[in-house]
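# Chain and residue survey
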Amino acid sequence: MLRLLSISNFVIVDRLELEFSPGFTVLTGETGAGKSIMIDALSLTLGERGDSSQIRQGCERAEVSALFDIEALPQLRDWLDQHDLQGDPDSCILRRVLDASGRSRALINGHAVTLQQLRAAGEYLIAIHSQHAHQALLQKTAQRDLLDAFAGSSELAHAVKAAFQNWRNLQQERVDCEQQLSASQEKREQLEWQMRELSELNLTANEWETLQTDHSRLSNLAGLLETTENGIALLSENDTAAVTQINAVKNQLQAMLEYDSQLQTVVDLLDSAQIQVQEGIYELRHYRQQLDIDPQYLQEIEQRITAIHGIARKYRIAPETLPQMLEDVRTELESLESGGNLAQLIEQEQAAQAVYRKLAEKLSAKRRKAGKTMAKAVTEAMQTIAMAGGQFSVTFEPLTQGNASGLEQIEFQVAAHKGLTLKPLAKAASGGELSRISLAIQVIASQAGSVPTLVFDEVDVGIGGRVAEIVGRLLKQLGHSRQVMCITHLPQVAAAGDQHLQVTKSEDPGSRQIQSRITTLDDNERVDEIARMLGGVKMTEATRKHAAEMLRNSAAEKA
C-alpha cells in the first residue's frame, strides 16, 4: 500500500509530503484548487510520460517519489529480485525527476530504470480509475480486459494472444513456402544479386530522412543564421525587445492591482507570455550554437544522396523504401532456400494451433465462470444504486476460428430497470445510469483483483443524494480490504472517508506565484469542509449541523 507521497516543484506545488493510512481516504477541495495534482504526480511515478511544462515556474526540476509497503506483495518482491532492483526489505520507492531541459529520470529503490520497468512495477501497486472510465467501458475490448482482470486471467489472456500470433506466423510461413517451391534458379540468382547490391548500399530506415534534413539545413545555412539572429535580437536584445516590453507592461499593471484586482487575470496572462517568450529565446540561442558550416560534410551528403537516387531509379521505387526492399528480398530468398522444409512447417503449424486451442479453451472456461459471478454481484449492486429490478449480464458470442483475444466475443449487457430487455451497455443506460453501473463494476472488479491501492478520480460524477451515500458505503466497504482513495465533489462520499485530505490554492506573498496545498483534516475541520460542500461559499449553522450528523452516521456505520 502507499505510505508516503513526496512532491517537489511540481505544477503549482512547491513542496509537499503526504502520509497515507489504510482504509478509505477522500480528497476534496474547491474547483480549480488542484485536486488532480496528486493523481498526476502518482501517474508520473507509475511511468506516465512527463514534460517540462509540469515543472513549477522558475524551478530547474520537479521530483515526485512514492513509498510503498510491499510486505504483502511477494510477486513484486520476486520481480524486483529478478531485475536487481532491491531496496529496503518490505518497501519499494518509485521516483521520477523532470528537468527543465526536457530530460526525465526514473528510479526504483534508487536504481535507474526505464519507463517500461516503472510501469511494470506500478501495475503491482496501484490501479487508477479515471472519471472517464465509464466511457471506456462502452468498448468491447475494455469490457473483455476488465472481465479478465476480474477472473484473474490477464496473464493467461496474454499467453493466448502470443500463442495465436505464433500459430498465424507459422501458417503464413507455410503458405509462403508453398508459393515459393516453384521458383526457378533464375529467380534465386536475381534475388541474390539484388540483395548484394542493396546490402552494399547499406541504407538504414532513418538515414534517408536524416540526409534530406541535413542537406536542406546546410544548403540554407546563411538564411537560417540570419533568421535566428534577427529573432533573438527582436525578442531579447534590441532596445524594444519583446520580453522587455512585456515585463514593463506587467510591472505597470501589478502596480495598479491595489486599485483594481480585475487586472490580475491580465497580469497572469502576461506572466505566462513572458515565460513562453523566454523559452523561445533559450531555444533559438541553443539552435544557433548548433549551426555550423562544414563544406566537406555537405559534399559527402550530396554524393550519398546521388548514390541512393541511382539505386532507387534503377528499381523504380522511392529512396526511403530501399531498406524495406532489402528486407523483402532477404525474406523471399530465405523462403526459397527453405522450400524443402514444407513438411516440417506443416507439423509446426499444427502443433502451434493445438497449443492455442488448449490455452484459449482454458481462458474461455475461466471467463464464463467469472462472468456469472460478476453478473450476480453487479446485479445485486444495482438494486442499491437506484436501479431496483435492474439486471447485468456478461454475454459470450462464440467465434468460429478464434482470434488473438480468444474463442469468443465478450459484451456487457444491462437492463436498467425491471421489465426492460437486456441490451448492450452502450445502448441501454443513460449518462447517470452508466456512471452508476460503471462505478459498481469497477468496485466489484477491484475486489477480485490483487492491486493493494485503488484510486478513483471523480468516478462519482453524475450521481447524488441517496445514491451518493450508497456509493460512499461501497467505497468504504472496499477500504476494509484495500487502500482506497477517491477525489470527490460529493459530501456524502466525503463523509464516508476514514481519512480526509483537503486541497487549497493560494498566492505566495513573496513570489506572488499560485501554489497548491494538501492537508489532513481533523474532526472539526472535516465538519467545515463537508459543510462547504453542502452549502457552497456561505456556510450556515444548519449546514454545519448537517455535516456533523453525516460524519456521526458514517462513524456509527463503521462501528
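Only a predicted model underlies this, so the values are computations on that prediction, with no experimental measurement involved.

### Comments concerning the layout of surface pockets
- Space inside the second largest pocket adds up to approximately 1,100 Å³.
- In terms of lining residues, the second largest pocket is bounded by 31 residues, among which Ile 55, Arg 56, Gln 57, Gly 58 and Ile 275 are the most central.
- Going through the elements one at a time, α10 (242–256) and α11 (264–290) are the ones with two or more residues in the lining of the second largest pocket.
- Considering every element that reaches the lining of the second largest pocket, the biggest residue donor is α11, with 11 residues.
- For the lining of the second largest pocket, a count of residues per class yields 9 nonpolar, 14 polar and 8 charged.

### What to know about the pattern of salt bridges
- Summed over the entire model, instances satisfying the criterion amount to 18 salt bridges.
- Note that Arg 532 is salt-bridged to Glu 529, the shortest N-O span being 2.8 Å. Residue Arg 532 and its partner Glu 529 are both found in helix α19 (residues 523–535); the two are separated by 3 residues, about one turn of the helix.
- Relative accessible area serves as the criterion here: at 2%, Glu 529 is assigned to the buried category.
- Residues joined by salt bridges that share partners form a network here, namely Asp 148, Arg 367 and Glu 408.

### Observations concerning the sheet that holds strand β1 (residues 2–10)
- An order of β2-β1-β4-β5-β6-β7 is seen for the 6 strands of this open sheet, with the pairing classed as antiparallel. The outermost strands of the open sheet, each flanked by one partner alone, are β2 (13–19) and β7 (111–113). Strand-to-strand twist across the sheet, computed as the mean angle between neighbouring axes with direction ignored, equals 15 degrees.
- Pairing between β1 and strand β4 (residues 61–69): 6 bridges, direction antiparallel. Paired with Leu 5 across the bridge in β4 is Ala 66.
- Contacting β4, β5 (91–99), β6 (104–108) and β7, helix α3 (residues 115–125) crosses the sheet at an angle of about 45 degrees to β6.

### As for the environment of Asn 169
- Turning to its location among the elements, Asn 169 is positioned in helix α6 (residues 154–180).
- Here Asn 169 falls in the partly exposed class, since its relative accessible area comes to 38%.
- Taking C-alpha positions, Asn 169 is 9.7 Å from Ala 352, a pair spaced 183 residues apart along the chain.

### A closer look at the packing of aromatic side chains
- A complete count under the given rule lists 5 aromatic pairs for this structure.
- When the ring of Phe 392 is compared with that of Phe 412, the centres are 5.3 Å apart and the planes differ by 65 degrees; the resulting orientation is edge-to-face. With a gap of 20 residues between them, Phe 392 in strand β9 (residues 391–403) and Phe 412 in strand β10 (residues 406–415) connect regions that are remote in the sequence.
- When its relative accessible area of 0% is taken as the criterion, Phe 412 is described as buried.
- Feature note: the residues Phe 164, Trp 167 and Tyr 356 constitute an aromatic cluster, connected by ring pairs.
- The cationic tip of Arg 168 hangs over the ring face of Trp 167; the distance from NZ or CZ to the ring centre is 5.0 Å.

Each value, and the rule that gives it
Residues numbered from 1 in each chain as written. Predicted model: local features only at pLDDT ≥ 70, side-chain atom pairs only at ≥ 80, totals over all residues. Heavy atoms only, no water. 1 Å grid on protein atoms, 1.4 Å probe; cavity = no way out; pocket = protein on both sides within 12 Å on 5 of 7 lines; lining within 4 Å. Points joined across faces, edges and corners; volume = space filled by probe spheres on them. Helix = DSSP H or I, 4+ residues; strand = E, 2+ residues; numbered from the N terminus. Nonpolar A, V, L, I, M, F, W, Y, C, P; charged D, E, K, R; others polar. Salt bridge = Lys/Arg side-chain N within 4 Å of Asp/Glu carboxyl O. Buried < 20%, exposed > 50% of the residue type's maximum accessible area, 1.4 Å probe, protein only. Pairing = 2+ DSSP bridges. Axes fitted to C-alpha atoms, helices over the stretch in contact; angles between N-to-C directions. Contact = heavy atoms within 4.5 Å. Phe/Tyr/Trp six-rings, centres within 6.5 Å; stacked < 30°, edge-to-face > 60°. Lys NZ or Arg CZ within 6 Å of the ring centre and 35° of its normal.

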